[in-house]
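Structural characterization, general
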Amino acid sequence: MTEDNQKIKKSDILSWDKVTLDKILQSNDMIPGNFRGKISLDPDKDFVLNSHIGQNLENICPTNAISYKNPPESISLDVGKCIFCGNCQQEAPQLIKISNNFDVAKKRKNHLLEVFSESVPFGKTYEEIGNELKNKINKTFGRSLAIREIDAGSCNGCEIEISALTNPIYDIERFGMHFVASPRHADLLLVTGPASKNMEKALKIAYESTPEPKLVIAVGACACSGGIFGKNYATTGGIDSIVPVDVFIPGCPPRPQALIYGIMLALDKI
Ligand code: SF4
Ligand code: SF4
């Protein structure tokens, strides 16, 4: 290789590094326009709910997340059951709005029930939430936050998003959070899956083995409500039937931004 070639190669690498880092920093907050996040019943001014629309919505929802009642004409949406398929928005875009906001987690299961609510844009970015968490973890623990992931019968879609938290783009370790191999070393459990009956005992044992503060987050529609599996001979219909849950993060699966928002809500409980 000539000296000239070497120079070209070095400068290429330097500019590639710079472009890549810039892109990574920007992409933390870049959410694709078609990403299905917070879902709400936010009717247009002229929208009138009737039994035809209400019953259609109930019928097209694959997880019974939508309930229509008459009389009086009313509709409700259980976001904990929703798999964000988008069928309802296609059927009644004047009523159902799926935004790309990722602040979907709630501290109580009944708060996942939407009646009529306006879709309000969420103002914080992934980076801002991560930095808030970093300060809170430092103040509360004086060390990093240890997370144990427990798969209680998931399809592994949620695990793919959880693993993304440790990739170079989301990289939660820089905010003072890391995954551990045992619940005995964990402060917080991220639990996925509906939970299957076969995992019921294992989940209980894992919870009992976790030292205080023993925070538990239900990740995904399955862990929140049973999701697409519901409650049947093999599943329990949500992990809150087995262990106490501090935060519910809906989604199928929830993306990394939604996960970090849920972790922030869980730490509020300490
Ligand atoms: S987006 Fe959710 S509420 Fe709407 S039809 Fe699909 S599962 Fe049901
Ligand atoms: S919520 Fe969806 S992605 Fe997560 S385990 Fe259930 S089916 Fe899979």
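In this report, the structure presented in the accompanying data block is examined. (Residues numbered from 1 in each chain as written. Chains lettered and ligands numbered in written order. Predicted model: local features only at pLDDT ≥ 70, side-chain atom pairs only at ≥ 80, totals over all residues. Heavy atoms only, no water.)

1. A closer look at the overall build of the protein chain
Along its length, the protein chain carries eight helices and twelve strands. Counting only residues that meet the buried cut, the protein chain has 47% of its 270 residues in that class. At a minimum sequence separation of 6, the contacts of the protein chain that also span at least 24 residues come to 78%. As presented, the protein chain carries roughly 13900 Å² of accessible surface, and 53% of it is formed by carbon and sulfur atoms. (Helix = DSSP H or I, 4+ residues; strand = E, 2+ residues; numbered from the N terminus. Buried < 20%, exposed > 50% of the residue type's maximum accessible area, 1.4 Å probe, protein only. Contact = heavy atoms within 4.5 Å. Areas by Shrake-Rupley, 256 points an atom, 1.4 Å probe, with all protein chains shown as cover.)

2. Some points on the site of ligand 2
Taken together, S154, C155, G157, C158, G220, A221, C222, G251, C252 and P253 are the residues near ligand 2. Elements that contribute at least two residues to the shell around ligand 2 include exactly α5 (157-164) and α7 (220-225). When residues in the shell around ligand 2 are grouped by element, the largest group, three residues, is from α7. Along the lines of polarity and charge, the residues of the shell around ligand 2 split into six nonpolar, four polar and no charged. (Near = heavy atom within 4 Å. Nonpolar A, V, L, I, M, F, W, Y, C, P; charged D, E, K, R; others polar.)

3. Points about the environment of L265
By secondary structure assignment, the location of L265 is in helix α8 (residues 256-268). The exposure class of L265 is buried, given its relative accessible area of 11%. Taking the C-alpha atoms as reference points, L265 and K107, 158 residues apart in sequence, are found 7.0 Å from one another. In contact with L265, other than residues within four places in its own chain, are A105, K106, K107 and V247.

4. Focus on the sheet that holds strand β6 (residues 145-151)
Adjacent strands of a sheet pair through backbone hydrogen bonds, lying either parallel or antiparallel. Spatially, five strands are ordered β7-β6-β8-β9-β12 in an open sheet, and the strand pairing comes out parallel. Of all strands in the sheet, those bounded by a partner on one side alone are β7 (177-179) and β12 (247-249). For this sheet, the mean angle separating the axes of adjacent strands, direction not counted, is 25 degrees. Note: β6 against strand β8 (residues 188-192), five bridges, orientation parallel. Counted as the bridge partner of D151 is T192 from β8. Packing against the sheet, α5 makes contact with β6, β7, β8 and β9 (215-219), and its axis sits at approximately 145 degrees to β8. (Pairing = 2+ DSSP bridges. Axes fitted to C-alpha atoms, helices over the stretch in contact; angles between N-to-C directions.)

5. Observations regarding the pairing of strand β3 (residues 74-78)
The buried count for β3 comes to four of five residues, which makes it a mostly enclosed element. Of the pairings in the sheet, the one linking strand β2 (residues 66-69) to β3 comprises four bridges and is antiparallel in character. Pairing of K69 across the sheet is with S74, part of β3. Pairing of β3 with strand β5 (residues 113-114), which is carried by two bridges, proceeds in the antiparallel orientation. Each bridged residue has a counterpart across the sheet, and for D78 the counterpart in β5 is L113.

6. Description of the pattern of salt bridges
Scanning all chains against the criterion turns up nine salt bridges. Note that D268 and K107 form a salt bridge whose closest N and O atoms lie 3.6 Å from each other. Of this pair, D268 sits in helix α8 while K107 sits in the loop between β4 (96-98) and β5, and the two are 161 residues apart along the sequence. Owing to a relative accessible area of 32%, K107 belongs among the partly exposed residues under this scheme. Of the charged contacts, one joins K109 and D240 as a salt bridge, the two residues approaching to 3.2 Å between their closest N and O atoms. Placement of K109 in the loop between β4 and β5 and of D240 in the loop between β11 (235-236) and β12 is noted, with a sequence separation of 131 residues between them. Residue D240 is classed as partly exposed on the basis of its relative accessible area of 32%. Several salt bridges converge on common partners, so that one network encompasses K107, K136 and D268. (Salt bridge = Lys/Arg side-chain N within 4 Å of Asp/Glu carboxyl O.)

7. Focus on the nonpolar core
L133, L145, M177, L188 and I217 are the most contacted members of the largest nonpolar core, which has 36 residues in total. For this core, the secondary-structure elements that each account for two or more residues are α4 (126-141), β6, α5, β8, β9, β12 and α8. Per element, the largest residue contribution to this core is nine residues, and it comes from α8. Listed in part, the 21 residues of the second largest apolar core include L203, V216, C224 and V245. (Core = buried A, V, L, I, M, F, W, Y, C linked by side-chain atoms within 4.5 Å.)

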